[in-house]
Amino acid sequence: MRRRRIADIEYAQMLLSRYTIAQLRQDGGLDRSAYVVLARLASDGPLSIAELSDLLRLDTSTLQRQTTAALRVGLVDRIPDPDGGAARKLTLTDEGRARLDATRERSLHALEKILDEWTDDDIDRFADLLHRFNDAIESYGPGSPKD
């Protein structure tokens, strides 16, 4: 029974990811990779490629391609490390912040409609479980006790 329910979660996670990606691309929204990088820069401040790699669990070559594309269209900028380190950091430009905010607003608006008939308790419980699930995902990986 447990294995079947875990398989249900895996399938639901795949659908959730698919729907989210489709939603972000609507109406000029950011693609998923740009959205993830920009959201992380917005929440954690200027970051180096190595720091982004650790936080997002992506290899540096993947992030290099993603950030180069974001640099090219003016969503991020390279700046000297504010703490004086040798590595240059990436930071959001005003355009990057505006595009991130607009994409996030469209996403929030859609979620408000999707969850319109849910009770506040259901939304609270779902949010708590999603946070718990994401925390577990972030703590899973090479070298973790769960690996």
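Residues numbered from 1 in each chain as written. Predicted model: local features only at pLDDT ≥ 70, side-chain atom pairs only at ≥ 80, totals over all residues. Heavy atoms only, no water.

**Description of the nonpolar core**
What counts is decided by this rule: What makes a nonpolar core is a set of buried Ala, Val, Leu, Ile, Met, Phe, Trp, Tyr and Cys residues whose side-chain atoms join them at distances within 4.5 Å. Each residue is assigned to one of three classes by its accessible area relative to the maximum for its type, calculated with a 1.4 Å probe on protein chains only: buried under 20%, partly exposed between the two thresholds, exposed over 50%. Secondary structure elements are defined from DSSP: runs of H or I of at least 4 residues count as helices, runs of E of at least 2 residues count as strands, and each element is numbered from the N terminus.
Leu-30, Val-37, Leu-38, Leu-41, Leu-52, Val-76 and Leu-100 are the most contacted members of the largest nonpolar core, which has 18 residues in total. At the level of secondary structure, the elements contributing two or more residues to this core comprise α2 (32-44), α3 (49-56), α4 (60-72) and β2 (89-92). The dominant element in this core, judged by the number of residues it contributes, is α2, at 6 residues.

**Looking at the pattern of salt bridges**
What counts here: Salt-bridge detection follows one rule: a side-chain nitrogen of Lys or Arg within 4 Å of a carboxyl oxygen of Asp or Glu.
Under the criterion given, the structure shown has 7 salt bridges. Here Asp-8 and Arg-5 are joined by a salt bridge, their closest N and O atoms 2.9 Å apart. Within this pair, Asp-8 and its partner Arg-5 are both found in helix α1 (residues 2-25), separated by 3 residues, close to a single helical turn. Note on Asp-8: relative accessible area 32%, which makes it partly exposed. Judged by its relative accessible area of 46%, Arg-5 falls in the partly exposed class. Taking the shortest distance from any N to any O, the salt bridge between Arg-40 and Asp-44 comes out at 2.7 Å. Placement of the pair is Arg-40 and Asp-44 together in helix α2, with a separation of 4 residues, close to one helical turn. Linked through salt bridges whose partners overlap, the residues forming this network are Arg-4, Arg-5 and Asp-8.

**As for the confidence of the model for the protein**
Applied cut-off: pLDDT is defined as a per-residue confidence score from the predictor, taking values between 0 and 100.
Chain-level statistics for the protein give a pLDDT mean of 88 and a share of 90% at 70 or above. Mean pLDDT across the elements of the protein bottoms out in α1 (82) and peaks in β2 (97).

**Re a nonpolar patch on the surface**
What counts here: Patches here are clusters of residues that have more than 30% relative accessible area and form no salt bridge, with a 9 Å joining cutoff for like charges and a 5 Å cutoff for nonpolar side chains (Val, Leu, Ile, Met, Phe, Trp, Tyr). Per-residue and other accessible areas were derived by the Shrake-Rupley procedure at a 1.4 Å probe size, with only the shown protein chains allowed to occlude residues.
A cluster of nonpolar residues, Ile-9, Leu-16, Trp-118, Phe-126, Leu-130, Phe-133 and Ile-137, forms a patch on the protein surface that exposes about 580 Å² of accessible area. Secondary structure elements with two or more residues in the nonpolar patch: α1 and α6 (120-139). Here the nonpolar patch gets 4 residues from one element, more than from any other, and that element is α6. Looking at where Leu-130 falls in the secondary structure, it is placed in helix α6.

**Quick word on α3**
Let me state the cut-off plainly: In this description, the arc belongs to the directions extending from the helix axis to the C-beta atoms. Every residue pair with non-hydrogen atoms within 4.5 Å of one another is taken to be in contact.
Taken residue by residue, α3 has Ile-49, Leu-52, Ser-53 and Leu-56 as its buried positions. Taken around the axis of α3, the buried residues stretch over an arc of 105°, which confines them to a single face. Those residues of α3 that are buried lie in contact with α2, α4 and β2. A positive phi of about 55° marks Arg-57, the residue just after α3.

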